[in-house]
Amino acid sequence: METIFLKKLKKKLETHKRQVEKELKKLAQIEKKALQSSTEAGTAKVEAEIEETEEFYNISGVQESLSKKLKEINLALKKIKSGKYGICEKCKKEIEKERLNILPEARSCRKCK
Ligand SMILES: [Zn+2]
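Let me sum up the structure you'll find in this document. (Residues numbered from 1 in each chain as written. Predicted model: local features only at pLDDT ≥ 70, side-chain atom pairs only at ≥ 80, totals over all residues. Heavy atoms only, no water.)

1. Details of empty space enclosed by the protein
Empty pockets left among the atoms are what a rolling probe the size of a water molecule brings to light.
Line of reasoning, step 1. Taken as a whole and judged by the stated rule, the model has one cavity of 30 Å³ or more.
Line of reasoning, step 2. In this model, the largest cavity occupies a volume close to 50 Å³.
Line of reasoning, step 3. Lining the largest cavity we find Glu 72, Leu 75, Ala 76, Lys 79, Tyr 85, Gly 86, Ile 87, Ile 95, Pro 104, Glu 105, Ala 106 and Arg 107. (1 Å grid on protein atoms, 1.4 Å probe; cavity = no way out; pocket = protein on both sides within 12 Å on 5 of 7 lines; lining within 4 Å. Points joined across faces, edges and corners; volume = space filled by probe spheres on them.)

Written out as structure tokens, the structure is:
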């Protein structure tokens, strides 16, 4: 793989990583606030509690997918460092450039995804 292309993808991954980390931080703050307000409310209406719980689960769901994304980004960055980037984990062939351009953290080629 050409160095220029690799550098471009690395930059993309790093930007994406920062965004995901920022997003996760924000969610953690919302979660903290939600927990605080539910304790403060104490004997609030059951209905309101249910609503809050739903919101809470929503946040955990988003957090989970963001954490997963962050792991994939880190893995891709590690692979760039070790020179193993862009190889499909299943068929061991090179992943299509177009695919990497759209999804730099891709671990498999278009056929194996
Ligand atoms: Zn493959």
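2. So, the environment of Arg 110
Line of reasoning, step 1. Mapped onto the secondary structure, Arg 110 falls in the segment after α3 (97–102).
Line of reasoning, step 2. What makes Arg 110 partly exposed here is its relative accessible area of 42%.
Line of reasoning, step 3. C-alpha separation for the pair Arg 110 and Arg 99, spaced eleven residues apart in sequence, amounts to 7.2 Å.
Line of reasoning, step 4. Not counting the four nearest positions on each side in its chain, Arg 110 is found in contact with Glu 96, Glu 98 and Arg 99. (Helix = DSSP H or I, 4+ residues; strand = E, 2+ residues; numbered from the N terminus. Buried < 20%, exposed > 50% of the residue type's maximum accessible area, 1.4 Å probe, protein only. Contact = heavy atoms within 4.5 Å.)

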